[in-house]
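Listed here are the chains, written in short residue letters.
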Amino acid sequence: MGLIEDKSARRDQRGNIDPWYNTKGRNDGDNLVYLSVALNGACNIDCSFCYVDGSRPGQWNPDDLERVLGEARELGMEKIQLSGGEPTLYKHLFRIVEYLHNAGVETLLVTNGTTMMPDMAQRLHDNEVIVGISLESIVEEVDDGLTRSPGSFQKKMEAIRILKGVGYTEDIPLNIIVKTLKANQNTFLQTWQWALDNGLQPILEMKLGNCKELNMLYLFFTMKDVID
Ligand code: SF4
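Overview of the structure.

Here is what the cut-offs are and how they apply
- Residues numbered from 1 in each chain as written.
- Predicted model: local features only at pLDDT ≥ 70, side-chain atom pairs only at ≥ 80, totals over all residues.
- Helix = DSSP H or I, 4+ residues; strand = E, 2+ residues; numbered from the N terminus.
- Buried ≥ 20, exposed ≤ 12 C-beta atoms within 10 Å, placed from the backbone.
- Contact = placed C-beta atoms within 7 Å.
- Pairing = 2+ DSSP bridges.
- Core = buried A, V, L, I, M, F, W, Y, C linked by C-beta atoms within 7 Å.
- Near = placed C-beta within 6 Å.
- Nonpolar A, V, L, I, M, F, W, Y, C, P; charged D, E, K, R; others polar.
- Right-handed = clockwise from strand over helix to strand, strands pointing away.

Summing up its helical and strand segments, the chain has 7 helices and 7 strands in all. Along the chain, helices and strands appear, N-terminal first, in the series β-α-β-α-β-α-β-α-α-β-α-β-β-α. Burial analysis of the chain (228 residues in total) assigns 31% to the buried set. Here the analysis covers contacts within the chain between residues at least 6 apart in sequence; of these, 70% occur between residues at least 24 apart.

Here the focus is the pairing of strand β2 (residues 79–83). Bridge count between strand β1 (residues 34–38) and β2: 5 bridges; the pairing is parallel. Note on β2: the bridge partner recorded for L35 is I80. Here β2 runs beside strand β3 (residues 106–111); their pairing, made up of 4 bridges, is parallel. By the bridge assignment for β3, Q81 is matched with L108.

That bond from G84 to G85 is cis: its omega, 20°, falls within 30 degrees of zero. One non-glycine residue, E128, lies in the positive phi region at around 55°. Locating E128 in the fold gives a position in the loop between α3 (118–126) and β4 (130–134). According to the C-beta neighbour criterion, E128 is partly exposed, with 17 such atoms within 10 Å.

Bringing the nonpolar core into the picture now. L109, V131, I133, L163, I176 and I177 are the most contacted members of the largest nonpolar core, which totals 33 residues. For this core, the elements supplying multiple residues, two or more each, are β2, α2 (93–102), β3, α3, β4, α5 (152–165) and β5 (174–179).

Taken together, C43, I45, D46, C47, C50, V52, G84, G85, E86, N112 and S134 are the residues near the ligand. When the residues that make up the shell around the ligand are grouped by side-chain class, the tally is 5 nonpolar, 4 polar and 2 charged.

In summary, the side chains of a regular strand alternate between the two faces of the sheet. For β4, the tally of buried residues reaches 5 of 5 residues, placing the bulk of the element in the interior. Burial along β4 is two-sided: the residues I130, G132 and S134 and V131 and I133 are all buried. Taken together, the 4 bridges between β3 and β4 define a ladder with parallel strand orientation. Bridge assignment links L109 to a residue of β4, and that residue is V131. You can see the chain leave β3, run along α3 and come back into β4, and the turn it takes is right-handed. One ladder, built from 4 bridges, connects β4 with β5; its direction is parallel.

So this is what it looks like as structure tokens:
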């Protein structure tokens, strides 16, 4: 059975659509269940809150990465998050995505959405990749202000439209990831409601202190976690 058919596997113990990292209840000893990999450092936008420093030239050699992923699979890996930088700029993205799909690993791609094209969306869907788009606010000026990239909000909206056009939200979840920042706090609820109204699962990414100092110490919640 493919991942798409087994929809129950996409829900956690509370009934949330399983967003990405949710391995609650899956800590079964020494097995590696979940892995997070930054494929590359490069990005096409310039978020004020970005945790990636410097000129960001690095990227994984795909041969090395496949070897690591193979070892992780042997250790029990079932889920993986692919991020960056902006992972859609990684030129070996679909080699890795197809490798993971063939290995039966549930893959979650975290993207800013601004490079999404119909053929890319179709290939992601074909490989049953769950997508999470970073969207700090449904208010255009707020989101564009945080990305310091005018026009990026509209590209994200277009990405959501393209992804829904190939089936996302119907058979594969489409998430938006909202970080807790001062600049967007007044629009949280508006953004959340918009996401739910559009069949998207909002994920709250809660930053604890200075993420650069804390080495990316983040907490991730679905809204139901917050309400509970
Ligand atoms: S999209 Fe991600 S990697 Fe790119 S600048 Fe924003 S936070 Fe950094």
